[in-house]
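Below are the chains, spelled out letter by letter.
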Amino acid sequence: MERYFEINEQGHNIRCKLYCQDARSVRQVVLFCHGFGGHKDNHAAARFAEKLLAKHKKAALVTFDWPCHGDDVKKKLTLADCGTYLDLLIPHVRQKFGTEDLYAYATSFGGYLLLKYIAQQGSPFRKIVLRCPALNLYESMTQTIMTAADLEKIQKGKEVPAGFDRKVLVGQQFLQEIRETDIRTWDFLDWAEDILIIHGTDDEIIPFEEAHRFSENQLIELIPAEGADHRFRNQVKMDLAIKQILEFFRL
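Residues numbered from 1 in each chain as written. Predicted model: local features only at pLDDT ≥ 70, side-chain atom pairs only at ≥ 80, totals over all residues. Heavy atoms only, no water.

Let's talk about the pairing of strand β2 (residues 12-20)
Side chains on a regular strand alternate between the two faces of the sheet.
Part 1: Within β2, nine of the nine residues are buried, leaving the element largely enclosed by the surrounding structure.
Part 2: Across the two faces of β2 the burial is the same, with His 12, Ile 14, Cys 16, Leu 18 and Cys 20 and Asn 13, Arg 15, Lys 17 and Tyr 19 all buried.
Part 3: The sheet contact formed by strand β1 (residues 2-9) and β2 spans eight bridges and is antiparallel. Across the sheet, the residue bridging to Asn 8 is Asn 13, located in β2. (Buried < 20%, exposed > 50% of the residue type's maximum accessible area, 1.4 Å probe, protein only. Helix = DSSP H or I, 4+ residues; strand = E, 2+ residues; numbered from the N terminus. Pairing = 2+ DSSP bridges.)

Shown next as structure tokens:
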């Protein structure tokens, strides 16, 4: 079953999507956090939900649009709003399904935001998997995703569209926020045993070396995905990653 729902609280409207077999029997929930310029209707979430529900009939996957992504109505992207969405979403999912049995699967920008969240709020999740997390978000935005012309416009006070599936307007404030919020310098040792990173060795957006260095510093398990790019567009490599994620979750 696939069903859309919305969370309307504190002046925010979070657009969500639920994958499950029977909403009345759900016992475990995986929260899927998509990457920059992505959306809740992405292929990676749908493929993971298919594999998850084939093996775990009492599980569910919930994905959602970050602020300014997908069908979200916000116009200005801020890290504060991203954190607020998680603040509202996590207790809503717990109450909706009557469970504390939460897991998280986050990719790229979603991985960055999830790490930021648990460092500041603690982790509500039993297990967390990060696929190609945007550990060096500021550098990847300014040196890979955006062009020199984009940066020149931003320096003049303008906003420029950036991203993949949906372009997101980025300006000086957001770049300053992510420059000042370098999660590579933060401490995640308290949650290291419950985190797994899967990172493509051919990642063209977030270099594999960033994940390797971060995982060693934080004592987090890292699985190299040989030959995989940032978005895991090779379906064989994606399915292998899903298998590894499900094994780590041990639902």
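Digging into the side chain of Asp 229
Part 1: Its place among the elements puts Asp 229 in the loop between β10 (221-225) and α8 (235-249).
Part 2: The exposure class of Asp 229 is buried, given its relative accessible area of 16%.
Part 3: Here the side chain of Asp 229 touches Phe 232 through a polar contact of 2.7 Å, landing on its backbone nitrogen.
Part 4: At a separation of 2.7 Å, a polar atom in the side chain of Asp 229 contacts the side chain of Arg 233.
Part 5: Those residues in contact with Asp 229 that sit more than four places away from it in its chain are Cys 132, Asp 202, Asp 203 and Glu 204. (Polar contact = N/O pair within 3.5 Å; in protein donor to acceptor, adjacent residues only side chain to side chain. Contact = heavy atoms within 4.5 Å.)

Regarding the packing of helix α1 (residues 43-55) against α8
Part 1: Relative to each other, α1 and α8 sit at 55°, their axes nearing to 10 Å. Looking at the two axes, α1 sits oblique to α8. By crossing handedness, the relation of α1 to α8 is classed as right-handed. Facing α1, whose interface residues are His 43, Ala 44, Arg 47, Phe 48, Lys 51 and Leu 52, α8 presents Gln 235, Met 238, Asp 239, Ile 242, Ile 245, Leu 246 and Phe 249.
Part 2: Tallied by class, residues from the contact of α1 with α8 come to eight nonpolar, two polar and three charged. (Axes fitted to C-alpha atoms, helices over the stretch in contact; angles between N-to-C directions. Parallel < 35°, antiparallel > 145°, perpendicular 65-115°, else oblique. Left-handed = near helix turned anticlockwise from the far one by under 90°. Nonpolar A, V, L, I, M, F, W, Y, C, P; charged D, E, K, R; others polar.)

Quick word on the environment of Glu 210
Part 1: In this fold, Glu 210 is placed in helix α7 (residues 208-218).
Part 2: Residue Glu 210 is classed as buried on the basis of its relative accessible area, which comes to 12%.
Part 3: For Glu 210, the residues in contact, after removing those within four places along its chain, are Leu 135, Asn 136 and Arg 184.
Part 4: Among the polar contacts made by the side chain of Glu 210, one reaches the side chain of Arg 184 at a distance of 3.3 Å.
Part 5: Looking at Glu 210, its side chain comes within polar contact range of the side chain of Arg 213, at 3.5 Å.

Description of the pairing of strand β4 (residues 59-64)
Part 1: Of all the six residues making up β4, six are buried; the element is thus mostly covered by neighbouring parts of the structure.
Part 2: Alternating residues of β4 divide into Ala 59, Leu 61 and Thr 63 and Ala 60, Val 62 and Phe 64, and every residue in both groups is buried.
Part 3: By the bridge criterion, five bridges tie β2 to β4 in an arrangement that is antiparallel. Residue pairing for β4: Tyr 19 is matched across the bridge by Leu 61.
Part 4: Of the strand pairs in this sheet, strand β3 (residues 28-33) and β4 are connected by five bridges, and their pairing is parallel. Across the sheet, residue Gln 28 finds its bridge partner in β4, namely Ala 59.
Part 5: Taken together, β3, α1 and β4 form a β-α-β motif whose crossover is right-handed. (Right-handed = clockwise from strand over helix to strand, strands pointing away.)

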